[in-house]
Each structure stands twice: as C-alpha cells, then as structure tokens.
Amino acid sequence: MTDFEKILSLILEKNPTRLIVKPTTKTLIAGFGFKKIIKLSDYTNYLEFKENVKKELSSRGIGFGSLFFDIDKNIKSNLWKDFEQAEFTFTNSLLRYENNKLSIINDNDNLKSYFSNCSKYNNNRGNSKSSLKNIKYEQWKNLVEKAKKEINNSNLEKIVVAEMKRESIDNFDLKSTILYMVEKYPNCTTYLYKMKDSIFFGSTPEMIFEYTNKILKTEAIAGSIPNKGEKTEEIKRKFENTTLIEEHKIVSEYIEKQLLKISSNKITRSDLEVKKLNNINHLQSKIEVEIKDNDFFEFISLLHPSPALAGFPVNDAKKWIKNNENFDRGLYAGSIGYVENDNSNFYAALRCAMYNNIRSEIVSFAGNGIVKDSKVNYEIDELNSKFKAINESIIEN
C-alpha cells in the first residue's frame with residue numbers, strides 16, 4: 001500500500017466536499033467544507049459571475065469549479081436541484097498531495113493532526129458490487145435513428161446521444177467506490193463533488209485542458225470500441241477504415257481551430273494513439289500550445305463542450321440535444337476541475353453517476369457519438385460497455 005493510496009483512503013474517511021484524483025501523476029487535490037461558493041443561477045449574469053470568481057481567486061489562491069454541459073440553459077430540472085449551472089467553491093481547508101509531498105492550506109478542520117496520525121488508516125472496503133440492472137434500449141435506439149436522420153438531412157455531421165438510468169440503492173459505500181475507480185482506471189481522473197443531498201462522482205478519460213508553465217494542454221478523445229482484451233496492434237486494425245477515424249478527425253480539427261482564436265503560436269498535435277481502459281478503447285491525440293495568461297474562463301468557453309461531448313457543429317448539436325434528449329444533462333458531460341492564479345485543470349464529467357442520499361438513488365449517465373453511418377447494434381455494445389464501467393464501480397456495504 002503506497003502513501004498515495006493511504007492518503008486517499010484517509011481523505012475519504014474525512015468526507016471531502018471536493019476531490020480530484022490523478023493516479024498517473026499520484027496527485028490528489030481535496031477540499032473540506034465550504035468557505036465561499038460563487039454561484040451562477042442565471043446565464044445573463046455570467047460576466048458578473050466570472051469577475052466575482054477571479055476576484056475571490058486572487059485572494060484565496062485556489063478554488064474548485066464546475067459548469068453544466070449547457071450553462072446558458074436557464075431551465076433546471078429537479079434532477080439537478082442541488083447544483084448550480086456553474087459554481088466555484090473555495091473550501092474551508094484544502095489538502096494537496098503531489099510529488100510525494102503533502103501540503104495543507106487553511107487548516108480549519110485540524111487536518112494536520114488527522115493526517116499525521118497514520119494509525120487512523122483503515123483499509124476496510126465494501127465488497128459487494130451494486131447489481132444495477134441493464135437498461136432497456138428501445139427508446140435510446142429510436143433516438144439514435146432520429147439523430148442519423150437529422151445528420152442525413154441537415155448540416156450536422158455528428159450528434160452525441162446520451163442516456164441515463166436510475167436505480168435505488170441501499171448502503172452506498174462512497175469510499176470503496178472511489179477507491180475502486182482509482183484502482184480500476186489508473187489512467188483516468190477520478191472526481192467527487194458534494195452539494196446538499198447529492199454527490200456527483202466519476203472517473204473520466206477525457207481532459208478538457210491543463211494549463212501550467214504557460215503551456216495549454218488538451219486532447220481529442222473520440223471514436224471508441226469495447227475492450228475485449230486485444231493487443232494494441234489488433235485494436236488499431238479494428239479502428240482502420242471505420243467511421244470512428246472521421247469522428248476523431250472532427251474533434252481534433254475543431255480543437256485546433258478554437259486554439260487559433262487565442263494564440264498565434266505553433267500548435268503541436270501527437271500522432272493518433274489508442275487510449276486503453278479496462279472496458280473500452282478510445283482514439284486519442286494530444287494537443288498543446290503556448291499561451292501567455294491563465295485565462296481559464298476563455299479556455300472553457302473555447303474547448304467545452306467539444307464535438308466529443310456534443311457533436312458537430314457544436315451549437316447545432318446542443319440545440320438538437322436540448323430538444324430531443326429526455327433528460328437534462330446538467331453536470332453530465334459538463335466541466336469540473338480546479339484553478340489557481342497561474343494554473344488551471346478542467347476535465348469532462350464523463351463515466352459518472354450521481355447519488356442522492358434522501359432518495360437512496362443512483363443516476364448514471366453515458367452517451368455515444370453518432371455519425372451518418374453509425375450502426376445501431378454497435379452503438380448499443382459501446383453504450384453497454386460505458387454503463388458497465390460505471391455500474392461495476394458502485395459498491396454497497
């Protein structure tokens with residue numbers, strides 16, 4: 001058991017209100033309690049909201065942010081009543097673990113004393129996976145066919161069609177669930193956001209951006225196939241000559257065009273790679289550019305939602321989603337992360353679920369990118385794989 005794993009377990013025992021975990025770099029950022037929350041409840045106040053966040057950040061140094069998939073949609077469903085369209089939280093206390101060093105900021109919760117006593121460490125975990133039921137896909141299949149028809153009869157080239165599932169759950173074990181996600185998906189970013197009676201959590205493969213040392217890094221992740229244990233070369237052959245290559249190209253070219261709006265510096269893009277997860281394989285290309293200032297609101301505006309999350313053209317796809325999906329996406333496919341004066345990190349809220357402790361209910365979310373030649377049965381396999389990844393992670397006592 002590494003220090004990283006021990007500290008994560010101790011953090012979860014202490015009930016953080018915000019948590020970002022990056023296993024690949026052994027980085028943990030955890031917030032406890034609420035010092036100040038800046039909320040956006042009406043998009044017409046977005047400019048004022050941004051100024052208030054920047055002002056608070058300048059004095060506090062670090063804050064956690066979340067923004068809905070579609071923040072200019074002012075009508076909010078009951079599903080997301082505990083969350084705002086956008087909010088930045090400045091916590092009572094903050095813990096950071098990176099480069100094998102633990103630091104605590106504004107220790108208003110006696111964290112130093114708590115974490116110095118490693119005898120408190122408790123590795124007990126729930127061992128019962130939740131038996132969430134398989135979804136009935138008939139309605140979603142019809143929506144996919146409707147999306148394909150729209151693509152064939154309009155300027156839309158891609159639409160991301162999403163689905164959600166609700167299940168009752170007894171004795172939800174949040175600590176064991178998060179520990180399992182971090183262990184099972186080490187090349188994803190795991191996150192936890194608590195607000196009122198709800199906990200939104202997940203383990204996402206997709207970074208929206210990371211900005212540090214005046215370098216903005218982002219990525220195009222689009223085009224997926226279920227992971228059936230094949231070797232990398234075999235996976236690459238499966239991707240060849242498929243609509244998935246075109247789907248990925250739409251996303252990567254869009255991101256580069258967006259970055260040209262804020263930088264005249266050279267944009268570098270990696271060769272096309274396969275990002276392998278336990279349940280699914282994604283096409284991935286990494287993109288970066290030098291940018292002088294940490295203008296994180298501008299980065300979010302330009303890069304979220306990308307065609308990987310909405311479709312293309314993005315605004316037309318968002319309109320279609322708003323008019324046709326049978327639920328409000330809220331934080332699903334939204335952006336979550338943390339920001340400092342000189343650095344910022346935001347991630348796409350995917351492979352996620354929301355637990356409500358009043359209703360004892362788990363709501364999980366998943367979606368697929370649909371293009372004109374998409375095969376419905378294949379899309380069902382992919383959606384199954386995504387829901388399975390979430391459901392297998394949810395643990396009860």
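Quick note: structure is the one above.
Description of the structure in this document. (Residues numbered from 1 in each chain as written. Predicted model: local features only at pLDDT ≥ 70, side-chain atom pairs only at ≥ 80, totals over all residues. Heavy atoms only, no water.)

**Comments concerning the pattern of salt bridges**
Thought 1: In this structure the tally under the stated criterion is 20 salt bridges.
Thought 2: Its salt-bridge partner being K175, residue E13 comes within 2.6 Å of it at the nearest N-O pair. Of this pair, E13 sits in helix 1 (residues 3–13) while K175 sits in helix 5 (residues 174–184), and the two are 162 residues apart along the sequence.
Thought 3: According to the relative accessible area criterion, E13 is partly exposed, its value standing at 37%. (Salt bridge = Lys/Arg side-chain N within 4 Å of Asp/Glu carboxyl O. Helix = DSSP H or I, 4+ residues; strand = E, 2+ residues; numbered from the N terminus. Buried < 20%, exposed > 50% of the residue type's maximum accessible area, 1.4 Å probe, protein only.)

**Let's talk about the nonpolar core**
Thought 1: Counting residues in each nonpolar core, the largest one holds 118 residues, and the members touching the most others are F88, F201 and F209.
Thought 2: If you look at the next biggest cluster of nonpolar residues, it comprises six residues, including I225, I235, V274 and L283. (Core = buried A, V, L, I, M, F, W, Y, C linked by side-chain atoms within 4.5 Å.)

**Here we look at the packing of aromatic side chains**
Thought 1: Counted under the stated rule, the structure contains 23 aromatic pairs.
Thought 2: Considering the side-chain rings of F88 and F296, the 6.0 Å spacing of their centres and the 45° angle between planes classify their relative orientation as tilted. Linking F88 in strand 5 (residues 86–90) with F296 in helix 8 (residues 296–303), this pair joins segments that are 208 residues apart in sequence.
Thought 3: Given the relative accessible area of 0%, F88 is considered buried. (Phe/Tyr/Trp six-rings, centres within 6.5 Å; stacked < 30°, edge-to-face > 60°.)

**Thoughts on empty space enclosed by the protein**
Thought 1: By the definition in use, this model includes five cavities of 30 Å³ or more.
Thought 2: The volume enclosed by the largest cavity comes to roughly 280 Å³.
Thought 3: Lining the largest cavity are 26 residues, with A308, L350, R351, G367 and K386 positioned closest to its centre.
Thought 4: Elements that contribute at least two residues to the lining of the largest cavity include exactly strand 9 (158–168), strand 13 (215–226), helix 7 (243–259), strand 21 (361–370) and helix 10 (376–393).
Thought 5: In terms of residue count, strand 21 provides more of the lining of the largest cavity than any other element does, five residues in total.
Thought 6: Looking at the lining of the largest cavity, its residues break down into 12 nonpolar, six polar and eight charged. (1 Å grid on protein atoms, 1.4 Å probe; cavity = no way out; pocket = protein on both sides within 12 Å on 5 of 7 lines; lining within 4 Å. Points joined across faces, edges and corners; volume = space filled by probe spheres on them. Nonpolar A, V, L, I, M, F, W, Y, C, P; charged D, E, K, R; others polar.)

**Overview of the layout of surface pockets**
Thought 1: Its boundaries defined by the atoms lining it, the largest pocket holds a volume of some 590 Å³.
Thought 2: Around the largest pocket, the lining comprises 26 residues; the ones closest to its centre are K22, T24, T25, M207 and E210.
Thought 3: When residues of the lining of the largest pocket are traced back to their parent elements, those giving at least two are strand 12 (207–212), strand 13 and strand 16 (280–290).
Thought 4: Considering every element that reaches the lining of the largest pocket, the biggest residue donor is strand 16, with four residues.
Thought 5: For the lining of the largest pocket, the per-class residue count stands at eight nonpolar, nine polar and nine charged.
Thought 6: In this structure, the second largest pocket occupies an estimated 420 Å³ of space.
Thought 7: Those elements that provide at least two residues to the lining of the second largest pocket are helix 2 (46–60), helix 7, helix 8 and helix 9 (314–324).

**Quick word on the environment of S252**
Thought 1: Tracing the chain through its elements places S252 in helix 7.
Thought 2: Once the C-alpha coordinates of S252 and P307 are considered, the two residues, 55 residues apart in sequence, prove to be 8.9 Å apart.
Thought 3: Setting aside residues no more than four positions away along its own chain, S252 makes contact with A220, R269, S285 and I287.
Thought 4: Of the polar contacts made by the side chain of S252, one reaches the side chain of R269; its length is 2.8 Å. (Contact = heavy atoms within 4.5 Å. Polar contact = N/O pair within 3.5 Å; in protein donor to acceptor, adjacent residues only side chain to side chain.)

**Describing helix 5**
Thought 1: Counting buried positions over the 11 residues of helix 5 gives nine, a clear majority of the element.
Thought 2: Every buried residue belonging to helix 5 is among L174, K175, S176, T177, I178, L179, Y180, M181 and V182, and all of these are buried.
Thought 3: Between the side-chain oxygen of the N-cap and the backbone nitrogen of K175 there are 3.4 Å, and the N-cap of helix 5 in question is D173.

**A short note on the pairing of strand 12**
Thought 1: Looking at chain direction, strand 12 and strand 19 (residues 344–348) are connected through four bridges and run antiparallel. Each bridged residue has a counterpart across the sheet, and for M207 the counterpart in strand 19 is Y347.
Thought 2: Sheet topology note: the strand 12/strand 13 ladder contains three bridges and is antiparallel. Bridge pairing in strand 13 places Y211 opposite L216.
Thought 3: Here strand 12 hands over to strand 13 after two residues, with N213 in that stretch at a positive phi of 55°. (Pairing = 2+ DSSP bridges.)

**A look at helix 7**
Thought 1: Taking 1.5 Å of rise per residue, 17 residues should cover 24 Å, and helix 7 covers 25 Å from first to last C-alpha, within 8% of that figure.
Thought 2: Every buried residue of helix 7 is listed here: L244, E247, H248, I250, V251, S252, Y254, I255, Q258 and L259. (Expected span 1.5 Å × (residues − 1).)

**Points about the sheet that holds strand 17 (residues 311–312)**
Thought 1: Reading across the sheet, the 10 strands line up as 7-6-2-1-10-11-20-21-9-17 and stay open at both edges, with antiparallel pairing between neighbours. Each having just a single partner strand, strand 7 (101–105) and strand 17 make up the two edges of the open sheet.
Thought 2: Those strands touched by helix 1 are strand 1 (18–22), strand 2 (27–32), strand 6 (93–98), strand 7 and strand 10 (189–195), and its axis lies near 15° from that of strand 2.
Thought 3: Sitting on the sheet, helix 7 is in contact with strand 9, strand 17 and strand 21, with an inclination near 105° to strand 9. (Axes fitted to C-alpha atoms, helices over the stretch in contact; angles between N-to-C directions.)

**A closer look at unusual backbone geometry**
Thought 1: Between H304 and the following residue, P305, the backbone shows a cis peptide bond with an omega angle of -10°.
Thought 2: When you line up the elements, P305 lands in the loop between helix 8 and strand 17.
Thought 3: Cis rather than trans, the peptide bond between F312 and P313 has omega equal to -5°.
Thought 4: Among the secondary structure elements, P313 is positioned in the loop between strand 17 and helix 9.

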